[in-house]
Amino acid sequence: MTIVEDLKYRYKNLDVFGKIIAINVVVFIVDAIITNLLKLGIVSYFKLPSIFGKFIIQPWSLISYGFLHNDFFHLLFNMLFLFYLSRAASNIFRTKMVLNIYLLGIIAGGLAYLAVFNLIHFDFFGPKNSIMVGASAGVSALLMFIAIYMPKSEIRLFNTFNVKWIHIAVFFVVMDVFRLMSGVNQGGYVAHIGGYVLGYVYASQLVKGKDIGKGFERLMDSVASWFKPKSNLKTVHRTSKKKSYAGKTREEFHTYNDQKKIDLILDKISKSGYESLTAEEKAFLFKAGKK
């Protein structure tokens, strides 16, 4: 097996976020070659411009900017956070829903950046003709989503002590607001705040049983279908009735202890998705996350 074949095999076996991280790394290397060695300005068309008139002629930059980074440490920090956050969220929620939050966070951050630079006086937020890159807004959205929906969830740092995601989120929000007001990289921190807001709204609505990313998910599925090979074979789908109480009867479900109920519900989510849960199951899972 050649090196190229080995890399293709490894990439194929990555999960969605593993592939996103790999794409970010490859894009960073390609950007360095094109910009620094070949001295070409092609990559600038994928960066998000602050001037609305420029954005109109390159609307794809509202998402593509999230796959470009300024330097190695910018990339490293974002990808490490994405790695841990995506796994924390994917343990409970559908991967597609976690991806929705990430991509919508990037879009929300980009829109916040455009709004600030085009609706507010430029003196405070820096040069009018600037650009933005980085996945930070998407990472910020995931961080806030987990912190709000699962405030008791933790991450183990340096294999020594545990820290709650809510405490990490509060720390970064405070730091970002402070750095924004101090005049450092204002555009970037405005995008972070846009991501935080998206993550907060998404989690708050999901607690109420409403997945606000469903429409975006359908749009992305539609776009993805354009690139799938068409088949002449017809497939007949047969719908099945949702099972309540994680596949158990109400009486059976209520005889189990809380941990067993959580395990059954998480198993149901992994098989049928979050939307397959009953209102009672969603309420139970939410209360369990608060404990």
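Everything discussed here concerns the structure shown above.
Residues numbered from 1 in each chain as written. Predicted model: local features only at pLDDT ≥ 70, side-chain atom pairs only at ≥ 80, totals over all residues. Heavy atoms only, no water.

Participant: Report on the pairing of strand β4 (residues 161–164), specifying residues and quantitative values.
Facilitator: Where strand β3 (residues 154–157) and β4 come together, four bridges link them in antiparallel fashion. Paired with Leu157 across the strands is Phe161, a residue of β4. The hairpin turn running from β3 into β4, its antiparallel successor, is three residues long, and Phe158 in that turn takes a positive phi close to 55 degrees. (Pairing = 2+ DSSP bridges. Helix = DSSP H or I, 4+ residues; strand = E, 2+ residues; numbered from the N terminus.)

Participant: Break down the side chain of Ser86 for me, citing the residues and quoting the values.
Facilitator: Turning to its location among the elements, Ser86 is positioned in helix α5 (residues 72–90). In terms of polar contacts, Ser86 uses its side chain to reach the backbone carbonyl oxygen of Leu82, at 2.7 Å. (Polar contact = N/O pair within 3.5 Å; in protein donor to acceptor, adjacent residues only side chain to side chain.)

Participant: Could you give an account of the packing of aromatic side chains, naming the residues involved and the relevant values?
Facilitator: Each pair of aromatic rings is reported with the distance of its centres and the angle of its planes. In the structure shown here, the tally under the stated rule is 13 aromatic pairs. Judged by centre distance (5.2 Å) and plane angle (85 degrees), the ring pair of Phe83 and Tyr84 falls under edge-to-face. Taking the relative accessible area as the measure of exposure, Phe83 reaches 31% and is therefore partly exposed. Looking at Tyr84, the relative accessible area reads 43%, which means it is partly exposed. Among the aromatic residues, ring-to-ring pairing joins Phe77, Phe81, Phe171 and Phe172 into one connected group. Between the NZ or CZ atom of Lys19 and the centre of the ring of Tyr11, over which it lies, the distance is 5.5 Å. (Phe/Tyr/Trp six-rings, centres within 6.5 Å; stacked < 30°, edge-to-face > 60°. Buried < 20%, exposed > 50% of the residue type's maximum accessible area, 1.4 Å probe, protein only. Lys NZ or Arg CZ within 6 Å of the ring centre and 35° of its normal.)

Participant: Describe the packing of helix α8 (residues 136–149) against helix α10 (residues 186–207), listing the residues and the values that go with them.
Facilitator: Packing of α8 against α10 brings their axes to within 7 Å, and their N-to-C directions diverge by 35 degrees. Every pair of crossing elements has a handedness; the one defined by α8 and α10 is right-handed. Touching Ser136, Ala137, Ser140, Ala141, Leu143, Met144, Phe145, Ile148 and Tyr149 of α8 are Ala191, His192, Gly195, Tyr196, Leu198, Gly199, Tyr200, Tyr202, Ala203, Ser204, Leu206 and Val207, all from α10. Of the residues assigned to the contact of α8 with α10, the class counts are 15 nonpolar, six polar and no charged. (Axes fitted to C-alpha atoms, helices over the stretch in contact; angles between N-to-C directions. Left-handed = near helix turned anticlockwise from the far one by under 90°. Contact = heavy atoms within 4.5 Å. Nonpolar A, V, L, I, M, F, W, Y, C, P; charged D, E, K, R; others polar.)

Participant: Outline the pattern of salt bridges, supporting the account with residue identities and numerical values.
Facilitator: Going through the model one piece at a time under the given rule, you end up with seven salt bridges. Note that Glu217 is salt-bridged to Arg94, the shortest N-O span being 3.1 Å. A residue pair is termed long-range when its members are at least 10 positions apart, and Glu217 in helix α11 (residues 214–225) and Arg94 in the loop between α5 and α6 (95–119) qualify at 123 residues. Of the two residues examined, Glu217 and Arg94, each falls in the buried class. One salt bridge connects Asp221 with Lys96, and the closest N-O pair in it is separated by 2.9 Å. Note that Asp221 is positioned in helix α11 and Lys96 in helix α6, a separation of 125 residues in sequence. Of the residues examined, Asp221 reaches a relative accessible area of 33% and is grouped as partly exposed. Lys96 gets classed as partly exposed once you look at its relative accessible area, which sits at 41%. Several salt bridges converge on common partners, so that one network encompasses Arg94, Asp211 and Glu217. (Salt bridge = Lys/Arg side-chain N within 4 Å of Asp/Glu carboxyl O.)

Participant: Lay out the packing of α5 against helix α9 (residues 165–181) in plain terms, naming residues and giving numbers.
Facilitator: Contact pair α5 / α9: the axes reach a minimum separation of 13 Å and the direction vectors enclose 145 degrees. In this structure, α5 crosses over α9, and the sense of that crossing is left-handed. Residue-level contacts link Phe77, Phe81, Tyr84, Leu85 and Ala88 of α5 to Trp165, Ile168 and Phe172 of α9.

Participant: A description of the nonpolar core should follow, citing residues and the corresponding values.
Facilitator: Membership of the largest hydrophobic core comes to 66 residues, with the highest contact counts inside it found for Leu82, Phe93, Tyr102 and Phe145. Put simply, the parts of the chain that give this core at least two residues each are α2 (16–37), α5, α6, α8, α9, α10, α13 (258–272) and α14 (279–290). For this core, the leading source of residues is α6, giving 14 residues. In contact with Leu82, other than residues within four places in its own chain, are Phe17, Ile20, Ile21, Tyr102, Val139 and Leu142. (Core = buried A, V, L, I, M, F, W, Y, C linked by side-chain atoms within 4.5 Å.)

Participant: Which residues make up the environment of Tyr11, and what values go with them?
Facilitator: Here Tyr11 shows up in helix α1 (residues 3–12). You can call Tyr11 partly exposed: its relative accessible area is 35%. Sequence separation between Tyr11 and Ala22 is eleven residues, and the spatial gap between their C-alpha atoms is 7.7 Å. Leaving out residues up to four positions away in the same chain, Tyr11 has contacts with Lys19, Ala22 and Ile23.

Participant: Provide a residue-level description of α8, including the pertinent values.
Facilitator: Taking 1.5 Å of rise per residue, 14 residues should cover 20 Å, and α8 covers 20 Å from first to last C-alpha, within 8% of that figure. Counting buried positions along α8 gives 13 out of 14 residues, so the element sits mostly inside the fold. (Expected span 1.5 Å × (residues − 1).)

Participant: I'd like a description of a nonpolar patch on the surface, backed by residues and values.
Facilitator: A cluster of nonpolar side chains, namely Val25, Ile29, Ile33, Leu37, Leu38, Leu40, Ile42, Tyr45, Phe46 and Trp60, defines an oily patch on the protein surface of about 990 Å² accessible area. On the secondary structure map, Leu37 appears in helix α2. (Patch = residues over 30% accessible without salt bridge, like charges linked within 9 Å, V, L, I, M, F, W, Y side chains within 5 Å. Areas by Shrake-Rupley, 256 points an atom, 1.4 Å probe, with all protein chains shown as cover.)

Participant: Tell me about unusual backbone geometry, and name the residues and values.
Facilitator: Phi at Lys39 is positive, roughly 60 degrees, even though this residue is not glycine. Locating Lys39 in the fold gives a position in the loop between α2 and β1 (48–49). Lys39 gets classed as exposed once you look at its relative accessible area, which sits at 66%.

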